[in-house]
Amino acid sequence: MARTPRTTTRRTFLVRSSSAAAALALGATSMPAQATPESLAAAIKDVVGGASLRTGKVTLDLPPLAENGNTVPMTVTVDSPMTEVDHVKAIHVFNEKNPQPYVMTATLSPRNGRAQVAVRIKLNDSQKIIAIAETNTGEFWTASADVIVTLAACLEDPT
Amino acid sequence: MSKTLIAVLCVGSTIGVSIALAQRADTRRSGYQDMSKSVQSMQDDDTANPAMLWVRDGAALWTRRVGAADKACADCHGGVESMADVAARYPAFDAGLGRPVDLEQRINLCRRDHQQAEALAGESRDLLALTAYVARQSRGKPIAPSDDPRLRPSIDAGAALFKQRQGQLNLSCAQCHDDNDSRKLGSATIPQGHPTAYPIYRLEWQGLGSLKRRLRNCLVGMRAEPYAYDSPEYVQLELFLMQRARGMPLESPGVRP
Amino acid sequence: MGNALINVPGTVKRGEAFEIKALISHPMETGFRAGTNGTLIPRNIIQRFTCTYNGVEVFNLVLSPAIAANPFIAFFTVATESGKLVLRWTGDDGFSAEETAPITVTS
């Protein structure tokens, strides 16, 4: 049977979707470089709103390779004097591939002296983690890190 | 082939074997050395090591009076410092039972005989907590298994089990942990399998577990039927592994991936 | 007997930022895992952690199922005056835990 011109083949679909992704990436220059799933983009938009998101000031310390995704140590540090006039008021962390995009939100103030928070997170797969710092002046700074999660060779049966 | 040549070859291979043995003795590695820096630092800092949550519970249990005898561990043993070398030398021979017992079994024997209390279930939080609290006292001490000759048959049985192929994969412990250690199985590094840090907080378990649980885990991985929880095979393997790790420092309670 | 381990320096100089580290026993069950019978294990997480310093909240963390079991939390606060730090964890099924630590501030 002859194809009509309107039929979407796998090839044309791939071409269209990749150009759509490229358009998305070009259009949102202040967003992280890679295209991200919708729920992640929505979760970030909830925090950032219409403000611009700039790369910098945030250091996201995660092991590049995690031997087990159940417990991955993470430290977020923001370069800030933490004074009344210039401080970080929140640190938000998001992930790309866990069932929910949201990881944590820490509320900070000049009382902290240092804008640094350490926790341990769960990653159900290799993925990108995104940290966003929100300042008292309404600026948003971001950093991201890719973690490769390896799987244990011998797993225990669930019983 | 001349006799001389054969003799030379024999001497040569004997030297080769002894060099290999000497290197073997020098190249024992704790699983700690095979972990990433981030997991190592989780173990190194007591204020960040999640196993210390169990140690804290163990400290409370140590002084809690239980059983019909209304006695606490501390009522007989005093301060926990008296446990300083215990985890480094167990399993030990129990004359009453006429067989070796490991640290968890010793704790339960104490409960039965001296506290007149019910045994704690294997892998229960309280048994792991007491074991971790006791084992913590041996941290940094070299593993020093007992020379009690009554242990010999069990050590030998453990050595044989270690080399015995079993399970649907027809593997022995030795094939992974002696012959292929430090190589990769999937993406995980195969450790030499030294019992240097038990009980361990294993990230995979998201909790504390005993050497028995880890051995059981290996058996399941080999697609072998795990031994019953209180079967002598585990203690035999534990005895052999402690001999194999003689002199290596204890890290208990450790963290492993 | 509490179920948390906290680490706070006993004595700190006024104006200095010091680190507070806290570990607590908690399964942090995500609510996304199926049990052996195939049904979902209900979510059971700590939702919030706070630290007050002489009654004033100085740190607040909202947690999610993506936080590992037996949560470890470390953060900083500035030494203002001697007194008491109160760390509080609250979560699903009415979970609540509290630990206090004294702090001595020197000039």
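Basis of the calculations
Residues numbered from 1 in each chain as written. Chains lettered and ligands numbered in written order. Predicted model: local features only at pLDDT ≥ 70, side-chain atom pairs only at ≥ 80, totals over all residues. Heavy atoms only, no water. Helix = DSSP H or I, 4+ residues; strand = E, 2+ residues; numbered from the N terminus. Buried < 20%, exposed > 50% of the residue type's maximum accessible area, 1.4 Å probe, protein only. Contact = heavy atoms within 4.5 Å. Areas by Shrake-Rupley, 256 points an atom, 1.4 Å probe, with all protein chains shown as cover. Axes fitted to C-alpha atoms, helices over the stretch in contact; angles between N-to-C directions. Parallel < 35°, antiparallel > 145°, perpendicular 65-115°, else oblique. Nonpolar A, V, L, I, M, F, W, Y, C, P; charged D, E, K, R; others polar. Phe/Tyr/Trp six-rings, centres within 6.5 Å; stacked < 30°, edge-to-face > 60°. Lys NZ or Arg CZ within 6 Å of the ring centre and 35° of its normal. 1 Å grid on protein atoms, 1.4 Å probe; cavity = no way out; pocket = protein on both sides within 12 Å on 5 of 7 lines; lining within 4 Å. Points joined across faces, edges and corners; volume = space filled by probe spheres on them. Domains from an automatic or database assignment. Buried area = accessible area lost by both parts, 1.4 Å probe. Salt bridge = Lys/Arg side-chain N within 4 Å of Asp/Glu carboxyl O. Polar contact = N/O pair within 3.5 Å; in protein donor to acceptor, adjacent residues only side chain to side chain. Expected span 1.5 Å × (residues − 1). Arc of directions from axis to C-beta.

## Here's the deal with the overall build of chain A
- Along the backbone of chain A there are 2 helices and 9 strands.
- When the helices and strands of chain A are read in sequence order from the N terminus, they spell out α-α-β-β-β-β-β-β-β-β-β.
- Burial status across chain A gives 43% buried among its 159 residues.
- Look at the contacts in chain A between residues 6 or more apart in sequence, and 61% of them connect residues 24 or more apart.
- Split by element, the accessible area of chain A, about 8,400 Å² in all, is 57% carbon and sulfur.

## Here's the deal with the side chain of Thr 71 of chain A
- Structurally, the position occupied by Thr 71 of chain A is in the loop between β3 (65-66) and β4 (72-78).
- Note on Thr 71 of chain A: relative accessible area 5%, which makes it buried.
- Other than its neighbours up to four places away in sequence, Thr 71 of chain A contacts Arg 120 and Ile 121 of chain A, Met 42 and Leu 203 of chain B together with Ala 68 of chain C.

## Points about the packing of helix α10 (residues 211-221) of chain B against helix α11 (residues 232-244) of chain B
All names here are of chain B.
- Relative to each other, α10 and α11 sit at 105°, their axes nearing to 10 Å. The angle between the axes of α10 and α11 places the two elements in the roughly perpendicular class. Residues Leu 211, Lys 212, Leu 215, Arg 216 and Leu 219 of α10 lie in contact with α11, whose contacting residues are Tyr 234, Leu 237, Glu 238 and Leu 241.
- Each residue belonging to the contact of α10 with α11 can be placed in one class, and the counts come to 6 nonpolar, no polar and 3 charged.

## Overview of the packing of aromatic side chains
- Enumeration according to the criterion identifies 9 aromatic pairs over all chains in this entry.
- Ring-pair connections join several aromatic residues into one group, and the members of that group are Phe 49, Phe 59, Phe 75 and Trp 89 of chain C.
- A cation sits over an aromatic face here: Arg 120 of chain A above Phe 72 of chain C, 4.3 Å from the ring centre.
- The ring of Trp 54 of chain B carries Arg 125 of chain B above its face, with NZ or CZ at 4.2 Å from the centroid.

## Brief notes about empty space enclosed by the protein
Residues and elements named next belong to chain B.
- Overall, the coordinates contain 2 cavities of 30 Å³ or more when judged by the stated rule.
- Here the largest cavity is characterised by a volume of approximately 240 Å³.
- The wall of the largest cavity is formed by 17 residues, among which Ala 87, Leu 103, Glu 104, Tyr 198 and Leu 211 lie closest to the centre.
- Within the residue set of the lining of the largest cavity, elements represented by two or more residues are α6 (103-115), α7 (125-136) and α11.
- Counted by class, the lining of the largest cavity contains 11 nonpolar, 3 polar and 3 charged residues.

## Topic: the domain arrangement of chain B
Residue and element names in this part refer to chain B.
- Taken as a whole, chain B is organised into domain 1 (30-45 + 142-256) and domain 2 (52-136).
- Each partner contributes residues to the interface: domain 1 has 26 residues there, and domain 2 has 23 residues.
- In total, about 1,900 Å² of surface goes out of reach between domain 1 and domain 2, with carbon and sulfur atoms giving 66% of it.
- The interface formed by domain 1 and domain 2 contains 1 salt bridge.

## Points about the environment of Asn 180 of chain B
All names here are of chain B.
- Note that Asn 180 resides in the loop between α9 (173-177) and β3 (184-185).
- The sequence separation of Asn 180 and Gly 140 amounts to 40 residues, and the corresponding C-alpha distance is 27 Å.
- Among all residues touching Asn 180, those that are not within four sequence positions of it are Gln 175 and Ile 190.
- From its side chain, Asn 180 meets the backbone oxygen of Gln 175 in a polar contact 2.9 Å long.

## Quick look at the interface of chain C and chain B
- On the side of chain B, 15 residues touch chain C, which itself brings 14 residues to the contact.
- Around 1,100 Å² of area is buried between chain C and chain B when both sides are counted, 57% of it from carbon and sulfur atoms.
- Counting the contacts that link chain C with chain B gives 1 salt bridge.
- Two residues, Lys 21 of chain C and Asp 45 of chain B, come together in a salt bridge whose shortest N-O distance is 2.8 Å.
- The tally of links between chain C and chain B comes to 6 residue pairs in polar contact (both at pLDDT 80 or more).
- Looking at the side of chain C that touches chain B, the elements that each hand over two or more residues are β1 (4-7) and β3 (17-24) of chain C.
- Of the residues contributing to the side of chain C that touches chain B, the split by class is 8 nonpolar, 5 polar and 1 charged.

## Here's the deal with helix α8 (residues 152-163) of chain B
Residues and elements named next belong to chain B.
- The terminal C-alpha atoms of α8 lie 17 Å apart, and with 12 residues this matches the ideal 16 Å at 1.5 Å per residue to within 8%.
- Looking only at α8, the buried set comprises Ser 154, Ile 155, Gly 158, Ala 159, Leu 161 and Phe 162. Angularly, the buried residues of α8 cover 160° about the axis, an arc narrow enough to put them on a single face. Exposed residues on α8 whose side chains face more than 90 degrees from its buried face are Pro 153 and Lys 163.
- Those residues of α8 that are buried are in contact with β2 (99-101), α9 and α11.

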